[in-house]
Structure formats: C-alpha cells, structure tokens
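# Per-entry structural report
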Amino acid sequence: FYGLGQINAERICARLGFYPNIRFHQLTEPDLLAMAKELSAYTIDDEKRQIMRDNLNRKRIAGTYSGRRHAMGYPIRGQRTKRNAQTAKRLNRVFRRGYATDAVSEFSSGTWYRYELSTKYCLSRDF
C-alpha cells in the first residue's frame, strides 16, 4: 500500500502472526478482516497522497524556497542543476500545473511577454 513502508508492513505481519513472505491469496477471510482492522489505524493510499499534495500546495502558496523549486520543476534539496537535474524535472512536472507562484508563472515559461502586453515587462516589438 502507498505510504505504508517495509518496516510497518513487517510490524503488522508480526502483530497478526503472519509469516513475512506470505502471499495475499493464502490469507483466509478472518486474516483479511484482521488486516483491514489493523490498516484502519494507518494513513495510506489516497489519504496519504492528498496530505502530500496539500503540503506542497501550502508551500507554493506561502512562496517558500522549496515551493518555488517544486513549481519550477527543479531539485528541491540543493542538488546541482547544471547537469543531471532531469530526474527532478521529470518527477516535479506532475505537480506543476496551475500551482506556480506569481513570479514563477510570469517568468519561468519563457513566454512572459504574452501575459500582459500593457505592463512594463512587455517587449517593444510587435507580436
């Protein structure tokens, strides 16, 4: 399950008395009910994803450094960007749509002159 992890999965198996390498189809109906009761105490799957999304949106709205880096698709934790930032750009691309801060949305796309031609940022050429 998303958000559970290896250690918590092993703890749940030990608490319920399962062999750690047991297959899902080998579990009986009472075992499944006991596992469902145990998993109800954890935040997993959609709830966990929603919490992570809310945390990222909070950082973007607040305008923190990491929120701006998420919005632009750059590495968050100080990695270099001259080379090998492709992984971060690929992973952060998922969350970029519609959550950029004002500064990021205006200048990061490379077409900032198209937003407001009447402002001081417009180019003098006709488009």
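Located above this text is the structure these notes cover.
Overview of the structure. If you're wondering where the values come from, they're calculated on a predicted model, not measured in any experiment.

With that out of the way, let us pick up the overall build of the protein. Secondary structure summary: the protein contains six helices and zero strands in total. Secondary structure elements of the protein, listed N to C terminal, follow the sequence α-α-α-α-α-α. Of all 127 residues assigned to the protein, the portion counted as buried reaches 20%. Sequence-distant contacts in the protein: of pairs separated by 6 or more residues, those separated by 24 or more amount to 44%. Carbon and sulfur atoms make up 51% of the accessible area of the protein, which amounts to about 10,100 Å² in all.

Spanning 17 residues, helix 3 (residues 46-62) covers 24 Å between terminal C-alpha atoms, matching the ideal 24 Å at 1.5 Å per step. All buried positions along helix 3 are accounted for by Leu 56, Asn 57 and Arg 60. Along the long axis of helix 3, the arc covered by the buried residues comes to 100°, so they all point the same way. What points out from helix 3, more than 90 degrees from its buried face, is the exposed set Glu 47, Arg 58 and Ala 62. The inward-facing, buried residues of helix 3 contact helix 4 (65-72).

Bringing the packing of aromatic side chains into the picture now. Taken as a whole and assessed by the stated rule, the structure comprises zero aromatic pairs. The residue whose ring lies beneath Arg 49 is Tyr 2, and the NZ or CZ to ring-centre distance is 4.1 Å.

Take helix 4 next. Because each turn of an α-helix spans 3.6 residues, side chains separated by three or four positions end up pointing in the same direction. Within the sequence span of helix 4, burial applies to Ser 66, Gly 67, Arg 69, His 70 and Ala 71. Within two residues after helix 4, Gly 73 carries a phi angle of roughly 85°, on the positive side.

Let's shift gears to the nonpolar core. Within the largest apolar cluster, eight residues are counted, these being Leu 4, Ile 12, Cys 13, Phe 18, Leu 27, Met 35, Leu 39 and Ile 44. Sorting the residues of this core by element identifies helix 1 (6-16) and helix 2 (29-39) as the ones contributing at least two each.

Thresholds, definitions, all that
Numbering of residues begins from 1 in every chain and follows the order in which that chain's sequence is written. Where totals are concerned, whole chains, interfaces and linings use all residues; where local detail is concerned, this predicted model gives features only for residues with pLDDT of at least 70, and gives and counts side-chain atom pairs only at 80 or more. Excluded from the side-chain calculations are hydrogens and water; all other atoms, namely the structure's heavy atoms, are used. Each helix corresponds to a stretch of at least 4 residues labelled H or I by DSSP, and each strand to a stretch of at least 2 residues labelled E; elements are numbered beginning at the N terminus. Only protein chains enter the accessibility calculation, which uses a 1.4 Å probe; a residue is then buried when its area is under 20% of its type maximum, exposed when over 50%, and partly exposed in between. Whether two residues are in contact is decided by their heavy atoms: any pair within 4.5 Å suffices. Residue burial considers only the protein chains on display, and all accessible areas are found by Shrake-Rupley using a 1.4 Å probe. To estimate the expected span of a helix, subtract one from its residue number and multiply by 1.5 Å. By arc we mean the arc of the directions from the helix axis to the C-beta atoms, nothing more. Stacked, tilted and edge-to-face pairs are distinguished by plane angle, under 30 degrees for stacked and over 60 for edge-to-face with tilted covering the rest, among Phe, Tyr and Trp rings (Trp via its six-membered ring) whose centres lie within 6.5 Å. By definition, being over a ring means that NZ of Lys or CZ of Arg is both within 6 Å of the ring centre and within 35 degrees of the ring normal. Buried residues of nine kinds, namely Ala, Val, Leu, Ile, Met, Phe, Trp, Tyr and Cys, make up a nonpolar core once their side-chain atoms join them within 4.5 Å.

Interpretation in functional terms is not warranted from these geometric data alone.
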